[in-house]
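Observations on the three-dimensional arrangement
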Amino acid sequence: MHTFKQQWLGNVRADLLAGIVVGLALIPEALAFAFIVGVDPRVALYASFTIAVITSFVGGRPGLISAATGAMALVLVSLMANHGLQYVLAATILTGIIQLILGSLGVANLMRFIPNSVMLGFVNALGIMIFITQMPYLLGSSMMTYIFAVVTLILVYAVPRFFTAIPAPLIAIVVMTTVALLSGVKLQTIGDLGTMPSSLPMFFLPDIPLNLETLKIILPYSLALSVVGLLESLLTSQVLDDMTATPSNKNREARGQGIANFITGFFGGMAGCALIGQSVINIKSGGRGRLSTLTAGVFLIFLIIVLGDVVVKIPMPVLAGVMIMVSMTTFNWGSFKFLRQAPKSESIVMLITVAIILYTHNLAIGVVIGVILSALFFVAKISRVTVTKNAGVYRIKGPLFFASTTKFIQSFDDTAEKEIIIDFGDSQLWDESAVGAIFKVKQKLEAKGTDVTIRGLNASSEILYKKLL
Amino acid sequence: MKIAVAVDGSENALRAAKHAVMLAQYLPGANLEIIYVQDYSKAKDERLLSQSPESLSLKREQKVQPILEYAREAGVNARSTMLKGNPSLEIIKYVNAEKIDKLVIGSRGLNAFQEMVLGSVSHKVLKHVDCPVTVVK
């Protein structure tokens, strides 16, 4: 009960203020993500509202900001293009169910198995993909479009040097929209994409046939959304744990993401997850408790309902400028240094993760293959066994298990001594294969008339050896 | 007499730290405080570039420990403090709250344009702390 009160009311004033800043920071990106998926802006704005509000109650990391995100938007692009909005909503609901189940099974404990090389590959591919989504819109368009995009970009980078109370993207949008309205230039606007919300989201069931055919269509998307959403949410939780030096319940966060997506689908919103950028803004602005996330969601929907008529006038190139900035901050520029300094296997995993994601346009496939690849590299690395021979003493260095026994056995192929000692002081026997290999070597050598002594087994190896032999 | 030095693992910070140790050696009874600020703006990238939360905290310690050791070998009474947030703001807040008598800080030696883009920590700190400051180039 104490922590409940602490998480909600421990930091009221700062949480309210930070929540307002985050609410403002959520708008530009929610609009742009709707643009990426090709849905009505309402779908992303409603999602951001419901996800933020729900996760503030059921999430595991106080202060974490979840809403519509670029990563989820990118997964949804082809589903929207091929099957339409109702399937996007159904996939969102199914994603919620899958995440809730995974969270209940303790999926967050698997996060330890995702190496940072894979996460680097994930964010870098994400940054590149967000950047690419803006290209067809900018390339080959009018001079005015370029000018607005470039000036927006300059504003979002220059403004924070002098003024940080209001998020720079929002300032850029307000300034550039005003300029566009006053100068009367002709540019595509948000209004051309669809209508703005004038009311709170309503509950309705997605209009889809409830059959196996539908499941076949949405399941692959829901699985991908689940992986991508959980990865980004748990990564963001870790960043916030580090920033605030407080722990958080990652499995509760996974379940919370599930509950939020499940409900959001019924309210006409697209799937979402934690936003790293906005969560960091929240902490920087002093937000710590659940109240900050709730405030962000409520303030967002309040602004949208009040300002809907103004929002439709925002020129699209301004939004594109904001998204280019988002792609630049998503990309990890330290990766180039990482490529030079990290072990080769980690660099390869990172590059392959990026390559697969860019090739398949599927963030989830890249992550899964990246994890498998790094696991294989790891096994290959630790299965290195060296045997040094010195006056009849064979010193084994490295763990002995199914992947390293071949090399171990081969080391005794040309043994000619009458009497040898095999020293396991620097080794560890892990499994049946290890004990089997030792037995095989002993048998072979004794058949040749060599006397074999085993020594230096550590306690757990000794137990395994005695048990199996 | 409380002397503080702000470090970030850079060459300039190391030079500043050595200067601070020298000052402390000449002042009998001086205590040296080594301040490191975990920059919130770098939180995401730092996490992504380290294997685990444990390796991240090790990396941070590696920026402070050698200086601490250097100071102690020089016979200076030293301790370290880890802060979190915006580096210049946190340094200012800490130095003023702890009534530090002397602050030593490194400077990256930025030109006017770089300073506009990157922002100078030493300039900002210089303006807002209550004690004398030495900026080491």
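Scoring rules and cut-offs
Residues numbered from 1 in each chain as written. Chains lettered and ligands numbered in written order. Predicted model: local features only at pLDDT ≥ 70, side-chain atom pairs only at ≥ 80, totals over all residues. UniProt positions renumbered as here; feature names shortened; annotations may be inferred. Helix = DSSP H or I, 4+ residues; strand = E, 2+ residues; numbered from the N terminus. Buried ≥ 20, exposed ≤ 12 C-beta atoms within 10 Å, placed from the backbone. Contact = placed C-beta atoms within 7 Å. Rg over C-alpha atoms; globule rule 2.2 N^0.38 Å. Domains from an automatic or database assignment. Pairing = 2+ DSSP bridges. Axes fitted to C-alpha atoms, helices over the stretch in contact; angles between N-to-C directions. Expected span 1.5 Å × (residues − 1). Nonpolar A, V, L, I, M, F, W, Y, C, P; charged D, E, K, R; others polar. Parallel < 35°, antiparallel > 145°, perpendicular 65-115°, else oblique. Core = buried A, V, L, I, M, F, W, Y, C linked by C-beta atoms within 7 Å. Arc of directions from axis to C-beta. Left-handed = near helix turned anticlockwise from the far one by under 90°.

An unreviewed UniProt entry annotates chain B as Universal stress protein of Sporosarcina newyorkensis 2681. The record in UniProt for chain B states the following under Sequence similarities (unreviewed entry): "Belongs to the universal stress protein A family."

The name an unreviewed UniProt entry gives chain A is Sulfate permease, with Sporosarcina newyorkensis 2681 as the organism. Turning to chain A, the UniProt record has this under Subcellular location (unreviewed entry): "Membrane".

This part covers the overall build of chain A. The secondary structure content of chain A amounts to 19 helices and six strands. Dimensions along the principal axes, computed over C-alpha positions, put chain A at roughly 100 × 55 × 50 Å. For chain A, buried positions account for 48% of its 469 residues. Across chain A, the fraction of contacts at a sequence separation of at least 24, relative to all contacts at a separation of at least 6, is 85%.

We now examine the overall build of chain B. Each helix and strand in chain B was counted, giving six helices and five strands. When its helices and strands are written in sequence order, chain B yields β-α-β-α-α-β-α-β-α-α-β. On C-alpha atoms alone, chain B measures out to a radius of gyration of 15 Å, which is about the 14 Å that the 2.2 N^0.38 rule sets for 137 residues. Overall, the C-alpha framework of chain B stretches about 45 × 35 × 25 Å when taken along its three principal axes. Across the 137 residues in chain B, those meeting the buried criterion constitute 33%. Considering only contacts within chain B whose residues lie at least 6 apart along the sequence, 78% involve residues at least 24 apart.

When the parts of a complex come together, some accessible area is lost, and that lost area is often used as the size of the interface. Structurally, chain A comprises domain 1 (2-332) and domain 2 (383-468). Taking only C-alpha atoms into account, the centre of domain 1 of chain A sits 56 Å from that of domain 2 of chain A.

Residues and elements named next belong to chain A. What the four strands build is an open sheet, ordered 3-4-5-6; its pairing is mixed. The sheet is open, and its two edges are formed by strand 3 (386-390) and strand 6 (451-455), each paired on a single side. The mean angle between the axes of side-by-side strands here comes to 20 degrees, regardless of whether they run parallel or antiparallel. Direction of pairing for strand 4 (residues 393-400) relative to strand 5 (residues 419-429): parallel, over a ladder of seven bridges. Bridge pairing in strand 5 links Val393 to Ile421.

Residue and element names in this part refer to chain A. When the terminal C-alpha atoms of helix 2 (residues 12-37) are compared, their 36 Å separation across 26 residues agrees well with the 38 Å that a helix rising 1.5 Å per residue should span. With 21 of 26 residues buried, helix 2 lies mostly within the body of the structure. Following helix 2 by one or two positions, Gly38 has its phi on the positive side, about 85 degrees.

Counting through the fold element by element, Ala459 of chain A comes out in helix 19 (residues 459-468). Residue class for Ala459 of chain A comes out exposed when judged on the 7 C-beta atoms lying within 10 Å of it.

With that settled, the discussion passes to the interface of chain B and chain A. Listed by partner, the interface residues are 14 residues for chain B and 18 residues for chain A. Contributions of two or more residues to the side of chain B that touches chain A are made by helix 2 (43-48) and helix 3 (53-73) of chain B. Here the side of chain B that touches chain A gets five residues from one element, more than from any other, and that element is helix 2 of chain B. Across the side of chain B that touches chain A, the residue classes tally to seven nonpolar, three polar and four charged.

This part is about the packing of helix 2 of chain A against helix 13 (residues 316-330) of chain A. Axis angle and axis distance: for two packed helices, these are the angle between their axes and the distance between the axes, and together they describe the pair. All names here are of chain A. With their axes 10 Å apart at the nearest point, helix 2 and helix 13 run at an angle of 100 degrees to one another. Looking at the two axes, helix 2 sits roughly perpendicular to helix 13. Touching Pro28, Glu29, Leu31, Ala32 and Phe35 of helix 2 are Leu319, Val322, Met323 and Val326, all from helix 13. In the contact of helix 2 with helix 13, the residues fall into eight nonpolar, no polar and one charged.

Attention now goes to the nonpolar core. If you look at the biggest cluster of nonpolar residues, it comprises 125 residues, and the most contacted ones within it are Ala44, Met72, Met270 and Leu363 of chain A. Sort the elements by how many residues they give to this core and helix 2 of chain A lands first, with 16 residues. With residues near it in sequence (within four places) discarded, Ala44 of chain A still touches Ala30, Leu31, Phe33, Ala34, Val39, Ala68 and Met270 of chain A. Val5, Ile35, Ala78 and Leu103 of chain B belong to the second-largest nonpolar core, a separate cluster that totals 30 residues.

Glancing now at the environment of Thr214 of chain A. All names here are of chain A. Residue placement: Thr214 occurs in helix 9 (residues 212-244). Each C-alpha atom, one on Thr214 and one on Ala91, is 9.6 Å from the other, the two residues being 123 residues apart in sequence. Residue contacts for Thr214: discarding those within four places in its chain leaves Ala90, Ile208 and Pro209.

Moving on to helix 15 (residues 344-360) of chain A. All names here are of chain A. Taking 1.5 Å per residue, 17 residues should reach 24 Å; helix 15 reaches 24 Å between its end C-alpha atoms and fits that length. Where helix 15 is concerned, the buried positions are Glu346, Val349, Met350, Thr353, Val354, Ile356 and Ile357. All buried residues of helix 15 project into a common sector of 165 degrees when viewed along the axis, lining one side. Of the exposed residues in helix 15, the ones pointing more than 90 degrees away from its buried face are Lys344 and Tyr359. For helix 15, the elements touching its buried residues are helix 6 (116-138), helix 14 (335-341) and helix 16 (363-382). Count one or two residues on from helix 15 and you reach His361, which has phi positive near 60 degrees.

Residues and elements named next belong to chain B. Strand order in the open sheet formed by five strands is 3-2-1-4-5, and the pairing between neighbours is parallel. Edge positions in the sheet fall to strand 3 (77-85) and strand 5 (133-136), since each of these pairs with one other strand and no more. Strand-to-strand, the axes of this sheet are offset by a mean angle of 20 degrees, without reference to chain direction. Across six bridges, strand 1 (residues 2-7) lies against strand 2 (residues 31-39) in parallel orientation. Within strand 2, the residue paired with Val5 across the bridge is Ile34. The strands touched by helix 1 (residues 11-26) are strand 1, strand 2, strand 4 (102-106) and strand 5; relative to strand 4, the strand with the most contacts, the crossing angle is about 155 degrees.

On to the packing of helix 9 of chain A against helix 11 (residues 276-284) of chain A, then. All names here are of chain A. Relative to each other, helix 9 and helix 11 sit at 20 degrees, their axes nearing to 10 Å. Taken together, the axes of helix 9 and helix 11 lie roughly parallel to each other. Where helix 9 crosses over helix 11, the two elements pack in a sense that is right-handed. The segment helix 9 lies against helix 11, with Thr236, Val239, Leu240, Met243 and Thr244 engaging Ile276, Ser279, Val280 and Ile283. Taken together, the residues of the contact of helix 9 with helix 11 sort by class into six nonpolar, three polar and no charged.

Attention shifts here to the UniProt feature "domain: STAS" (unreviewed entry) in chain A. Here, UniProt's "domain: STAS" (unreviewed entry) annotation points to residues 381-469 of chain A. Overall, residues 381-469 of chain A shows 38% helix and 33% strand. The separation of its end C-alpha atoms is 28 Å.

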